[in-house]
Amino acid sequence: MSTVETLAKALLLTVVSGAALPPGMPPRQVDDKCCFQLASVGRVNKVNLPVLEDHVGDLLLGGSFQQGTFCLDRATKTIHDSLNHNCFMRAPDYQFECYQGAVGNTSFDTTIVHDDGKAYLLYDDGPGVFFACPTAEGTAGPYDIFSTDKANRTGCEPVSLALVDELDTCFLKNATMADTTVTDTTVTDATVAQRSAAEEADTPLSAAAAPLIAPDECVISSSVPAIAPYKTVINNGNSISWTGKNGNKTTAMGSITPTNTTVFYFDIPRRQAPLLANGRPQVCALQFRMPACADLPAEYPCYTFSGLDHELRHGSGMTFARAGAALTGWNDTLVHRVQPGRDSVVGTFACNEAAGPHGWLASSVNAFVLEFVQAGVGRHPKFLDGVGAFVVECEQPAQELAA
C-alpha cells in the first residue's frame, strides 16, 4: 500500500471517529470531502502565515498553536476541522472559528487553480477576501481572522487563504484559466455622431450610437502623458468621502465593492486643434491601469482584488457610467474586467467632447471587489504612477490617418 493510500485510510478513520489528526499529518481527500491546510496570502506582517487553531477553536495567523486541518464537504458547502467541529463566520463578530455542536450558515467553496499554482478558499459566494486583525491592539500578531462583514477593521489587513498540501482531487477540474474565454461586447462600427448643443448638455445617448473607435483599436503610446483624476469620491450609501486638489492629502482611495461606488473626477483640457489632418476628431480614452503588486513603486500598497477566478466564474467586473455630460457611444452598462499586470481601455470618446470637468462612476457587478490607492491625485501626489483610472489620448489607427 502506497504512502498516500495509507494516509488517506488513516484520515478516513480519523473523520469517522472524530479523533484529532496526528501532528504533521498532511490533509488528504476523504470520500467526497476535500481536506487541506490553509495559509495566508497577503501583506500580514510581510509574510505568508499558516492558519493555526487554538484550544477553543479560534483560527489564527501566527502564534504557537498547531496548524489547523480542515475538510470541505462540497455537497453541503460546509467545513469541519480535524475534531469534526463545524467552522463558520457568523454575527455578531464574524470571526473564523470552529466549535463543537455550534452551527453557522457560512457557505464555503474553493477556487480553481490560479496562475500562481494555488487554489483559494471562498465563502458565501464572495471573492474570498478575509481580514486579519491583531488579537491585541497595537501588536504585530498573532492575528484573528474575520469575514468582510466585520464592522471595525482598524489595524486589520486584507488577506486571501490558500489551500496547502491538498491533493489534486480537491481542485475544481471542470474549468481552468487556460480553457476559459472571456469575451466583452464592443462596438466595431466606427462612426461619427453629429450632435447639437442641446444634445451635448441634456439628451441621453441613442442605443445605436457608436464610439469614434472601438476600445481595442485605441493604441496608447508610453510617451503620451496621462491625466489623473483631481479627486475621487467613495459612496457607501451612508457616507461619502473624497480626496483631491481641495484637500491636503497626498493619496486618494478607490473602492469598488458590492457596498461602495467610486467616482473619478477629471479636469480634461480642451484641445486647440480638436481635428486631425483627416478631419476626424482626436480620440481620447478612459484607461484603467493595474500593475502587478510586485511592480508597484516602493511603499505603494498592494490592492485588494476579488480575483481573475471570481471574474470568470461569476461574470463579475466593473461598470463605468458617466458622471458628467453625455459622450458619443459611451456604454454605461458594459462590464469591464481587469487583471494584474495589464492596462485596459474602458472606452473612447472625442477629446473635446469631454473637455472641462467630467467624471465616471465605477460600480461593482456580481460581488466584484477592488480597493486601491489611486495614483496621481492631489497637489503633490505621493505616487505619480500606479493603479487607477486615467484619461489618455489614442494614437489614431494607420487606416484613419490615411483616410
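On a predicted model such as this, the values are computed, not experimentally measured, just so you know. (Residues numbered from 1 in each chain as written. Predicted model: local features only at pLDDT ≥ 70, side-chain atom pairs only at ≥ 80, totals over all residues. Heavy atoms only, no water.)

A. Structural detail: the overall build of the chain. Looking only at helices and strands, one finds four helices and 24 strands in the chain. Expressed as a percentage of the 403 residues in the chain, the buried residues total 46%. In the chain, the proportion of contacts linking residues at least 24 apart, taken out of those at least 6 apart, comes to 68%. For the chain, the exposed area adds up to about 19400 Å²; of that, 52% sits on carbon and sulfur atoms. (Helix = DSSP H or I, 4+ residues; strand = E, 2+ residues; numbered from the N terminus. Buried < 20%, exposed > 50% of the residue type's maximum accessible area, 1.4 Å probe, protein only. Contact = heavy atoms within 4.5 Å. Areas by Shrake-Rupley, 256 points an atom, 1.4 Å probe, with all protein chains shown as cover.)

B. Here's a closer look at the nonpolar core. Core analysis: the largest hydrophobic core is formed by 35 residues, its most contacted members being Leu 286, Phe 288, Tyr 303, Phe 320, Trp 360 and Leu 370. Setting aside residues up to four positions removed in sequence, Phe 288 forms contacts with Met 318, Phe 320, Val 338, Arg 342, Asp 343, Ser 344, Val 346, Leu 370, Phe 372, Val 387, Gly 388 and Ala 389. Counting residues in hydrophobic clusters, the runner-up holds 25 residues, among them Cys 98, Phe 108, Tyr 123 and Tyr 143. (Core = buried A, V, L, I, M, F, W, Y, C linked by side-chain atoms within 4.5 Å.)

C. The state of the cysteines, seen in detail. Within the structure shown, the criterion is met by six disulfides. A disulfide bridge connects Cys 133 with Cys 156, and the sulfur atoms are separated by 2.0 Å. Its S-S torsion of approximately 110 degrees makes the covalent link between Cys 133 and Cys 156 right-handed. A residue pair is termed long-range when its members are at least 10 positions apart, and Cys 133 in strand E11 (residues 130-134) and Cys 156 in the loop between strand E12 (143-146) and strand E13 (157-164) qualify at 23 residues. The class for Cys 133 is buried, based on a relative accessible area of 5%. According to the relative accessible area criterion, Cys 156 is buried, its value standing at 12%. Cys 284 shares a disulfide with Cys 351; S-S distance 2.0 Å. Note on the Cys 284 and Cys 351 pair: the S-S dihedral is about 100 degrees, so by sign convention the disulfide is right-handed. Residue Cys 284 is found in strand E18 (residues 283-289), and its partner Cys 351 is found in the loop between strand E21 (344-350) and strand E22 (356-365); the two are separated by 67 residues along the sequence. Across this residue pair, the class does not change: Cys 284 and Cys 351 are buried. (Disulfide = S-S within 2.5 Å.)

D. Highlighting the confidence of the model for the chain. Chain-level pLDDT for the chain is 75 on average; 70% of the residues reach the 70-or-more range. Taken element by element, the chain is modelled with least confidence in helix H2 (residues 197-201), mean pLDDT 30, and with most confidence in strand E7 (residues 86-88), mean pLDDT 95. Across residues 1-30 the pLDDT falls below 50, and counting only partners more than four positions away or on other chains, this stretch makes 48 contacts in the model. Here residues 245-250 scores under 50 on pLDDT; set against residues more than four positions off or in separate chains, the count is eleven contacts. (pLDDT = per-residue confidence, 0-100.)

E. Up close: the pairing of strand E1 (residues 33-42). Most of E1 sits inside the fold, with seven of its ten residues counted as buried. With four bridges joining them, E1 and strand E5 (residues 70-73) adopt antiparallel strand pairing. When the bridges of E5 are listed, Cys 35 appears paired with Cys 71. Bridge count for E1 against E13 is six bridges, and the pairing is antiparallel. Bridged to Gln 37 within E13 is Val 164. (Pairing = 2+ DSSP bridges.)

F. The sheet that holds E21, seen in detail. Strands sit in the order E21-E18-E24 across an open sheet of three strands; the sheet is antiparallel. In the strand order of this sheet, the two ends are held by E21 and strand E24 (388-393), each with one partner. Averaged over all neighbouring strand pairs, the angle between strand axes comes to 25 degrees, with direction disregarded. The pairing of E18 with E21 spans six bridges and is classified as antiparallel. The partner of Cys 284 across the bridge, within E21, is Phe 349. (Axes fitted to C-alpha atoms, helices over the stretch in contact; angles between N-to-C directions.)

G. Geometry of unusual backbone geometry. The peptide bond linking Ala 91 to Pro 92 adopts the cis configuration, its omega dihedral lying at 10 degrees. Looking at the element boundaries, Pro 92 is found in the loop between E7 and strand E8 (97-99). One non-glycine residue, Asn 84, lies in positive phi territory at about 65 degrees. Examined against the element boundaries, Asn 84 turns out to sit in the loop between strand E6 (78-81) and E7. A positive phi is found at Ala 367, a non-glycine position, where the angle reads about 65 degrees. Along the chain, Ala 367 turns up in the loop between E22 and strand E23 (370-374).

H. Focus on the side chain of Thr 262. Checked against the element boundaries, Thr 262 lands in strand E17 (residues 261-268). Of the polar contacts made by the side chain of Thr 262, one reaches the backbone oxygen of Ser 255; its length is 2.7 Å. Not counting the four nearest positions on each side in its chain, Thr 262 is found in contact with Thr 232, Val 233, Ile 234, Met 253, Gly 254, Ser 255, Ile 256, Trp 360, Leu 361 and Ala 362. (Polar contact = N/O pair within 3.5 Å; in protein donor to acceptor, adjacent residues only side chain to side chain.)

I. Layout of the pattern of salt bridges. Overall, the coordinates contain six salt bridges when judged by the stated rule. Residue Lys 382 is joined to Glu 299 by a salt bridge in which the shortest nitrogen-to-oxygen separation is 3.6 Å. Of this pair, Lys 382 sits in the loop between E23 and E24 while Glu 299 sits in the loop between E18 and strand E19 (304-305), placing them 83 residues apart in sequence. Residue class for Lys 382 comes out partly exposed when judged on its relative accessible area of 47%. (Salt bridge = Lys/Arg side-chain N within 4 Å of Asp/Glu carboxyl O.)

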